[in-house]
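Spelled out, the chains give:
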Amino acid sequence: MGRVIAIANQKGGVGKTTTSINLSAALAEKGKKVLVIDTDPQGNTTSGFGLDKNELENTIYELMIGECETNDAIVKNVVEEIDGVDIIPSNVNLAAVEIELIDAEQKEFILREAIGKVKDDYDYIVIDCPPSLSMLTVNAMTTANTVLVPIQCEYYALEGLSQLVHTVNLVKDRLNPELEMEGVVFTMFDSRTNLSLQVVENVKEHIQENVYKTIIPRNIRLAEAPSYGMPINVYEPKSAGAEAYRLLAGEVIDRKFD
Ligand SMILES: Nc1ncnc2c1ncn2[C@@H]1O[C@H](COP(=O)(O)OP(=O)(O)O)[C@@H](O)[C@H]1O
Ligand SMILES: [Mg+2]
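Residues numbered from 1 in each chain as written. Chains lettered and ligands numbered in written order. Predicted model: local features only at pLDDT ≥ 70, side-chain atom pairs only at ≥ 80, totals over all residues. Heavy atoms only, no water.

How should I be thinking about unusual backbone geometry in this particular structure?
Negative phi characterises most residues that are not glycine, and trans characterises most peptide bonds. In the Ramachandran plot, asparagine 77 falls in the positive-phi region, its phi being about 45° despite a non-glycine side chain. Within the element layout of this structure, asparagine 77 appears in the loop between α4 (70–73) and β3 (85–88). Look at methionine 188: it is not a glycine, yet its phi comes out positive at around 55°. Tracing the backbone shows methionine 188 in the loop between β6 (180–187) and α9 (194–206). (Helix = DSSP H or I, 4+ residues; strand = E, 2+ residues; numbered from the N terminus.)

Quick question: what am I supposed to make of the nonpolar core here?
Counting 49 residues, the largest nonpolar core has Met64 and Ile88 as the members making the most contacts within it. When residues in this core are grouped by element, the largest group, 5 residues, is from helix α8 (residues 161–174). Ignoring anything within four residues of it in the chain, the contact list for isoleucine 88 reads Leu35, Val36, Ile37, Asp38, Thr59, Ile60, Leu63, Ala73, Ile74 and Ile115. Grouped together as the second largest cluster of nonpolar side chains are 34 residues, Ile5, Val34, Ile87 and Ile253 included. (Core = buried A, V, L, I, M, F, W, Y, C linked by side-chain atoms within 4.5 Å. Buried < 20%, exposed > 50% of the residue type's maximum accessible area, 1.4 Å probe, protein only. Contact = heavy atoms within 4.5 Å.)

Is there a simple way to think about the side chain of aspartate 128 in this case?
Here aspartate 128 is to be found in strand β4 (residues 124–128). There is no salt bridge for the buried aspartate 128, and the closest opposite charge comes from lysine 16, which lies 6.2 Å off by N-O distance. Of the polar contacts made by the side chain of aspartate 128, one reaches the side chain of threonine 17; its length is 2.8 Å. The contact partners of aspartate 128, leaving out residues within four places of it in the chain, are Ile7, Lys16, Thr17, Ser20, Ile37, Asp38, Thr39, Asp40 and Thr45. (Lys, Arg positive; Asp, Glu negative; His and termini not counted. Salt bridge = Lys/Arg side-chain N within 4 Å of Asp/Glu carboxyl O. Polar contact = N/O pair within 3.5 Å; in protein donor to acceptor, adjacent residues only side chain to side chain.)

How should I be thinking about the site of ligand 1 in this particular structure?
Close to ligand 1 lie 14 residues; Gly13, Lys16, Thr17, Thr18 and Pro217 are nearest. Valine 14 is positioned with one of its backbone polar atoms (N or O) 3.1 Å from an oxygen atom of ligand 1. The separation between an oxygen atom of ligand 1 and a polar side-chain atom of threonine 17 is 2.9 Å. More than half of the atoms of ligand 1 fall within 2 Å of the grid points belonging to the largest pocket. (Near = heavy atom within 4 Å. 1 Å grid on protein atoms, 1.4 Å probe; cavity = no way out; pocket = protein on both sides within 12 Å on 5 of 7 lines; lining within 4 Å. Sits in = over half its atoms within 2 Å of the grid points.)

I keep staring at the sheet that holds strand β5 (residues 146–152) and nothing clicks. Help me out?
As a general point, the strands of a sheet are linked pairwise by backbone hydrogen bonds and lie either parallel or antiparallel. Reading across from one edge, β3-β2-β4-β1-β5-β6 is the order of the 6 strands in this open sheet, with parallel pairing throughout. Each edge of the open sheet is held by one strand with a lone partner, namely β3 and β6. Going across the sheet, the axis of each strand differs from the next one's by a mean of 20°, ignoring polarity. Across 5 bridges, the pairing between strand β1 (residues 3–7) and β4 is parallel. Following the sheet pairing, alanine 6 is matched in β4 by isoleucine 127. The strands that α9 touches are β5 and β6; relative to β6, the one it contacts most, it runs at about 160°. (Pairing = 2+ DSSP bridges. Axes fitted to C-alpha atoms, helices over the stretch in contact; angles between N-to-C directions.)

Help me understand the packing of helix α1 (residues 16–29) against helix α12 (residues 240–254) in this model?
Where α1 contacts α12, the two axes come as close as 8 Å, and the packing angle between them is 70°. What the angle tells us is that α1 and α12 run roughly perpendicular. Contacts between α1 and α12 involve Thr18, Thr19, Asn22, Leu23, Ala26, Leu27 and Glu29 on the former and, on the latter, Tyr245, Arg246, Leu248, Ala249, Val252 and Ile253. Looking at the contact of α1 with α12 residue by residue, the classes come out as 8 nonpolar, 3 polar and 2 charged. (Parallel < 35°, antiparallel > 145°, perpendicular 65-115°, else oblique. Nonpolar A, V, L, I, M, F, W, Y, C, P; charged D, E, K, R; others polar.)

Sorry if this is basic, but what is going on with the layout of surface pockets here?
Over the atoms rolls a probe the size of a water molecule, and in doing so it shows where empty space is left. Approximately 490 Å³ is the volume found for the largest pocket. Within the residue set of the lining of the largest pocket, elements represented by two or more residues are α1, α2 (44–48) and α10 (220–224). Of the residues forming the lining of the largest pocket, the biggest block, 5 residues, is contributed by α1. Taken together, the residues of the lining of the largest pocket break down into 15 nonpolar, 11 polar and 4 charged. Lining the second largest pocket we find Arg112, Ile115, Gly116, Lys119, Thr142, Thr143, Ala144, Asn145, Asn176 and Glu178. Contributions of two or more residues to the lining of the second largest pocket are made by α6 (110–116) and α7 (135–143). (Points joined across faces, edges and corners; volume = space filled by probe spheres on them.)

These figures come from the coordinates and say nothing about function on their own.
Given below as structure tokens:
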């Protein structure tokens, strides 16, 4: 059965989307079948895979409000060069979903309901969360088996982390007893500065969670790839960024939960 990983951090700009895209593509490169779910109304994961956000008939929005079936919301084989990456895309319409579903029953479980039908078709389901601890993030966490938290190597890295861990624990207690912390992954590590190293050491001292050994470097190719609609292992397969996400994918595959 597939493992569902929510990529979450309520801070924006920490590398959630970059990790969602490139971890998924790296898992697929290793022969895994992956479904990526974009739950951010900004739709950056959607466009990062080369889809036109404004030309989509069905998205996560239509799926959540019950206007389409799960299979109709899935865009299959979104990466031409690598088999096995499917996506449920998103666009700005999703911004209204919280208000529209305000009176819905069991609204914390809408995504889980929808994904249950296709879960067994995939080895991994990777959910890119919006930069908030909103109903969409809660839906991601009730659907997920684990939560992976990208942490940017910058001065305020720890800020908000305890709130996020608290939210994960609340969801675990009340809504999804099986939820586990996948762990944290450091992103945008700059080897030319002491700051990055200090941040990594400092965060490690302050958290109990699993820390992935792979550290994602700051790499200009990673920032460029989305504008070409490609994951890094297609855009620049030999770049430091591509290598790092391959290593991370290997670690994710090796990490066992009971
Ligand atoms: N390792 C990296 N090296 C260089 N740029 C990066 C890296 N990771 C992310 N970025 C860039 O930083 C910005 C924020 O990253 P993103 O993944 O969109 O964060 P989030 O989804 O958490 O808001 C984007 O412009 C992205 O291209
Ligand atoms: Mg994002």
